[in-house]
Amino acid sequence: MNNDYILEDIKDFSLKETLECGQCFHFSRVDNGENPNKYEYDIAACGRFLHISEEPSANGIKLTFFDTDNWEYEHIWKKYFDLERDYGDVKRRIVKADPRLASIISENPGIRILNQEFFECLISFIISQNKQIPQIKQVVRNISTLCGDKRGADSIRFFNSDFDALFPRPEQLASVTEDDIRGCKAGFRAPYILDAATKVASGELSEKELRRLSTDEAREKLMSVKGVGEKVANCVLLYSLGRTDAFPVDVWMKRICEELYFHTDTPKAVIEEKMCEKFGDIAGIAQQYLFIFGKDKKIGV
DNA sequence: CTCCAGGTCGTTG
DNA sequence: CAACGACATGGA
């Protein structure tokens, strides 16, 4: 039990802000909320389960990766949480592009863009269309229970942690029926999900290929999947393929960008284009600070 | 009961 | 090409 991996004085990072800003859906808070400065989560990602906590340290925050060795941190979680990127520099560049964002960033200074597993990210954002975040999380969980690798009973040792399986691999999800997926409460998205799983399982849609294409070419390729439009494709590019130049525009992003920049009803495509022009290769990261700010403040509603 | 949700598809003008 | 309703499901 003493094989925990500990990081102290981490800057520009908050586990809570990073997980709860709408970019990922396969996690569960497992602490009882008694300590207002401490957060503890159970996460299913990268083909593993992670139990992790954060609390303040002398000069930043302290992360405890429970039952995790040095190898696993260095090869899996460091990349997953994007801890190699200098977010101090990223934030300075964003504020330089628009000084008004300084106060917005200061409301959630610990957000980082996760590097999620490609297939889970693709399916998760197909599910996300016309659904609210709690329901997206539920469908992701149902699909995992349906056909993902089950968690060993002996590893379910955190109270409140009620998810029991990893997200399925492409071939696992491709082998179930459309009705099975409907049974996960996916609704009209079921055929989209099956189409995506089939294309990835067969190699028709390949992560390796997407990674060597340009962002525009990869977006085009992703949109060949039924149920994947501009917004979902941009989420996959940003959250799982490392394309921080991709700028997803949803209803919230439309509202806040209209409020801050356009002052009138503006097509999503125009918003995407202008924001990418303004923030360049880190537009997607700027988008994440804007998104949570707009949602918290209920901008435009 | 009605309305809407991190959209996208298929159909019309 | 812009506009518009349909689409499952659940919560306000």
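Residues numbered from 1 in each chain as written. Chains lettered and ligands numbered in written order. Predicted model: local features only at pLDDT ≥ 70, side-chain atom pairs only at ≥ 80, totals over all residues.

J.: What is the right way to look at the overall build of chain A in this model?
T.: Helix and strand content of chain A: 15 helices and 5 strands. Against the compact-globule benchmark of 19 Å for 301 residues, chain A has a radius of gyration of 19 Å, which places it among compact chains. A burial count over chain A gives 40% of its 301 residues as buried. Partitioning the contacts of chain A with sequence separation of at least 6, the portion at a separation of at least 24 is 65%. (Helix = DSSP H or I, 4+ residues; strand = E, 2+ residues; numbered from the N terminus. Rg over C-alpha atoms; globule rule 2.2 N^0.38 Å. Buried ≥ 20, exposed ≤ 12 C-beta atoms within 10 Å, placed from the backbone. Contact = placed C-beta atoms within 7 Å.)

J.: What's the story with the nonpolar core in this structure? I'm lost.
T.: Nonpolar side chains in soluble globular proteins tend to end up buried together. Grouped together as the largest cluster of nonpolar side chains are 87 residues, with contacts concentrated most on L122, I126, I193, A196 and V236. Apart from the residues within four sequence positions on either side, I193 is in contact with I123, I126, I181 and A186. (Core = buried A, V, L, I, M, F, W, Y, C linked by C-beta atoms within 7 Å.)

J.: What exactly am I supposed to notice about the protein's contact with DNA strand C here?
T.: Within the structure, DNA strand C sits among N130, Q135, R182, K185, G187 and F188. Grouping the amino acids of the surface near DNA strand C by side-chain chemistry returns 1 nonpolar, 3 polar and 2 charged. (Near = placed C-beta within 6 Å. Nonpolar A, V, L, I, M, F, W, Y, C, P; charged D, E, K, R; others polar.)

J.: Looking at this structure, I do not really get the protein's contact with DNA strand B. What am I missing?
T.: Near DNA strand B, the surroundings consist of 22 residues, among which G22, Q129, Q132, G229 and V232 are the closest. Of all elements in the fold, only α12 (230-240) and α13 (251-262) reach the threshold of two or more residues within the surface near DNA strand B.

J.: What exactly am I supposed to notice about the sheet that holds strand β1 (residues 5-10) here?
T.: Sheet strands pair by backbone hydrogen bonding; their relative direction is either parallel or antiparallel. Strand order in this open sheet of 5 strands is β1-β5-β4-β3-β2, and the pairing throughout is antiparallel. The outermost strands of the open sheet, each flanked by one partner alone, are β1 and β2 (27-29). When the angles between neighbouring strand axes are averaged without regard to direction, this sheet yields 20°. Judged from the 7 bridges that link them, strand β3 (residues 39-45) and strand β4 (residues 48-57) form a sheet pairing that is antiparallel. Its bridge partner being in β4, A44 is matched across the sheet by F49. (Pairing = 2+ DSSP bridges. Axes fitted to C-alpha atoms, helices over the stretch in contact; angles between N-to-C directions.)

J.: Explanation requested: the domain arrangement of chain A in the structure shown.
T.: Accessible area lost upon the coming together of the parts is a frequently used measure of interface size. Each domain of chain A was delimited in the assignment, giving domain 1 (5-84), domain 2 (118-240) and domain 3 (251-296). Between domain 1 and domain 2, the C-alpha centre-to-centre distance is 23 Å. (Domains from an automatic or database assignment.)

J.: Where do I start with the pairing of β3 in this structure?
T.: In regular strands, side chains alternate between the two faces of the sheet. Of all 7 residues making up β3, 7 are buried, and the element is well covered by its neighbours. Judged from the 3 bridges that link them, β2 and β3 form a sheet pairing that is antiparallel. Bridging from a neighbouring strand, R29 pairs with Y41 of β3. Hairpin connection between β3 and β4: a loop of 2 residues separates the two successive antiparallel strands, and C46 in this loop has a positive phi of roughly 55°.

J.: How should I be thinking about the packing of helix α5 (residues 118-127) against α12 in this particular structure?
T.: The packing of two helices is summarised by the inter-axis angle and the distance between the axes. Viewed as axis vectors pointing N to C, α5 and α12 meet at an angle of 150°, and their least axial separation amounts to 9 Å. Taken as axis vectors, α5 and α12 run roughly antiparallel relative to one another. When the axes of α5 and α12 are compared, the crossing they make is right-handed. Between α5 and α12, the contacting residues are F118, C121, L122, F125 and I126 on the first element and V232, C235, V236, Y239 and S240 on the second. (Parallel < 35°, antiparallel > 145°, perpendicular 65-115°, else oblique. Left-handed = near helix turned anticlockwise from the far one by under 90°.)

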